[in-house]
Amino acid sequence: MAVLPQKVSNKKIAWSIAVGLLFSTVGLSGISRSIAPDVLALVIFYWALIGGDVRPKMSIVFLLGLIVDFAVGGAIGIHSLKYVLLLAVAVRLGNRFQMSIRLKKIAFIVVTFAVLEVILGGVVLMLVKTPMDIKSVFAAAIWGLTWPIVEAVLAKNYSRIGFK
Amino acid sequence: MPIATNAVKRGKMQFYAKLFVYLGLACCLIFFDLKKQSFSSIKQEVSHFEYFVVDALLPSKDWVEQFASYFYSKGKLAQENEMLRGDQLLKDGRLQTLASVERRVEELQALLGLYQRSAFSMHAVTVITASDSPYEQTLKVRFEDGAPVKAGDYIIGARGLVGQVLHAEGVVAAVRLISDQRASVHVQILRTGFRGVVFGRGGRGSLELKFVPEETDIEVGDVLVTSGLGGRHPYGIPVGAVVSIEGADASSFSTILLKPLANLNANEDFLALTGALGNDLFVPDN
């Protein structure tokens, strides 16, 4: 089911993903990487939630994760895992998400990012015994609060979208 | 089983199959990277490439930073400017208050000087209300309890005559300013000794010396003082200075306009001359 009545062009999604990729690899000046937003993760998740048929493909998401991993210099595959999981969650729960009220949507996004960060931290901890950075878990969750902004932008540009 | 349900099931299966493949692949990559360091050489190459790219992009990065810092500093400057402007307004207000207090202190000092210079009876009065209508230029003043302020007393400021008491009741008196249309003061020109009558014109900044023949020796800048005729009021209280002289076509009298020397508008404290007075109260500057 296409969630956006006025279909978003692939070009727009590609552009937003390119911008997200740039921010996720280069980082944001003045913000420490541990608490900086993973813009690409947010972009992928938001498009996956509302994009319907035009949501990013799993193979592309996986490759984007690999690019980020190589660019950032972290554990290879960790971002791929993250993006694939985000996409899977969005695909499975996207319809229910669309039906929810705004507060539930925000809570869902915040919880998803926090849980995912914990899972990834757990994977790394399991393999190399590196302690989990609790700050990054909170930061990832807090950046999920950007949803209302995205929602407002989309509502403005795609007036036929009925946001609850 | 319906075909649609089968298609949905097949789609779901495909999705989960793909998901497990990619998740497995990602986990394998993580395992090989963290446990076996299989990608360390690739990472090294990538980091070299990154250095190369960063070096190549450094000038443009500087330019972008300069550009950003320009806008940042511009915004900051605007913000500071706004703050300074607010601060300036506040300080202006304080400065004006100080200036007003200073002016009042000067006025009070001048009045005190007048009071100390003279052995005659005078009492301080403070303005309560003022009527600024063109038809009625009056003040209401308050004086100390028991002060013998009565109708007809002159009210003076540090620079000259302000008005005359119309009536007094309790500690409040009504004062008609010399600029009131119904006010008239018998005056003398200091330079020539010519006597005449000054009338108010209904505006606080304007008086008129009426019934002066055209041939009278009078010049712009001449100072007019109370004549003291009649013995009730003292001689020599400055009333006004001539600001314009015009000959009238249909009359043999000149139109002579004066500016009151006392500040009728702004001052809050004056003196009421309440007793018999001598003539040495004011010493004219010129």
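Residues numbered from 1 in each chain as written. Chains lettered and ligands numbered in written order. Predicted model: local features only at pLDDT ≥ 70, side-chain atom pairs only at ≥ 80, totals over all residues.

Caption draft 1: Region of the structure containing the sheet that holds strand β11 (residues 253–260) of chain B. Sheet architecture is closed into a barrel: 6 strands sit in the order β6-β7-β8-β11-β10-β9 (chain B), paired in antiparallel fashion. The mean angle between the axes of side-by-side strands here comes to 40°, regardless of whether they run parallel or antiparallel. (Pairing = 2+ DSSP bridges. Helix = DSSP H or I, 4+ residues; strand = E, 2+ residues; numbered from the N terminus. Axes fitted to C-alpha atoms, helices over the stretch in contact; angles between N-to-C directions.)

Caption draft 2: Focus on the interface of chain A and chain B. Between chain A and chain B, the residue contacts involve 16 residues of the former and 17 residues of the latter. Every element with two or more residues in the side of chain A that touches chain B is listed here: α3 (58–72), α4 (78–99) and α5 (102–128) of chain A. Looking at the side of chain A that touches chain B element by element, the count peaks at 6 residues for α4 of chain A. Classifying every residue of the side of chain A that touches chain B gives 13 nonpolar, 3 polar and no charged. (Contact = placed C-beta atoms within 7 Å. Nonpolar A, V, L, I, M, F, W, Y, C, P; charged D, E, K, R; others polar.)

Caption draft 3: Structural detail: helix α2 (residues 39–50) of chain A. All names here are of chain A. The terminal C-alpha atoms of α2, which comprises 12 residues, lie 17 Å apart, in line with the 16 Å expected from a rise of 1.5 Å per residue. Counting buried positions along α2 gives 12 out of 12 residues, so the element sits mostly inside the fold. Listed in full, the buried residues belonging to α2 are Val-39, Leu-40, Ala-41, Leu-42, Val-43, Ile-44, Phe-45, Tyr-46, Trp-47, Ala-48, Leu-49 and Ile-50. For α2, the secondary structure elements touched by its buried residues are α1 (10–26), α3, α4, α6 (134–143) and α7 (147–157). (Expected span 1.5 Å × (residues − 1). Buried ≥ 20, exposed ≤ 12 C-beta atoms within 10 Å, placed from the backbone.)

Caption draft 4: Here's a closer look at the nonpolar core. The biggest cluster of nonpolar side chains holds 43 residues, and the ones touching the most others in it are Ile-44, Phe-45, Tyr-83, Val-84, Leu-86 and Leu-87 of chain A together with Ile-30 of chain B. The greatest single-element share of this core, amounting to 12 residues, is contributed by α2 of chain A. When residues no more than four places from it in sequence are discounted, the contact partners of Ile-44 of chain A are Pro-56, Val-61, Tyr-83, Leu-86 and Leu-87 of chain A. (Core = buried A, V, L, I, M, F, W, Y, C linked by C-beta atoms within 7 Å.)

Caption draft 5: Broad picture of the confidence of the model for chain A. When the pLDDT values of chain A are averaged, the result is 81; 90% of them are 70 or greater. No element of chain A has a lower mean pLDDT than α7 of chain A, which averages 78, and none a higher one than α3 of chain A, which averages 88. (pLDDT = per-residue confidence, 0-100.)

Caption draft 6: The arrangement of the environment of Gly-52 of chain A in detail. Residue and element names in this part refer to chain A. Structurally, Gly-52 can be placed in the loop between α2 and α3. Note on Gly-52: 18 C-beta atoms within 10 Å, which makes it partly exposed. Sequence separation of Gly-52 and Asn-95 is 43 residues, and the distance between their C-alpha atoms is 8.9 Å.

Caption draft 7: Quick peek at the pairing of strand β7 (residues 195–200) of chain B. Residues and elements named next belong to chain B. Relative to β7, strand β6 (residues 184–189) runs antiparallel, the two being bridged by 5 bridges. Considered in β7, the bridge of Gln-188 is made with Arg-195. Connecting the antiparallel pair β6 and β7 is a turn made up of 5 residues, with Gly-193 showing a positive phi of about 85°. As defined by bridge partners, β7 adjoins strand β8 (residues 207–213) across 4 bridges and the pair is classed as antiparallel. Paired with Phe-199 across the bridge in β8 is Glu-208.

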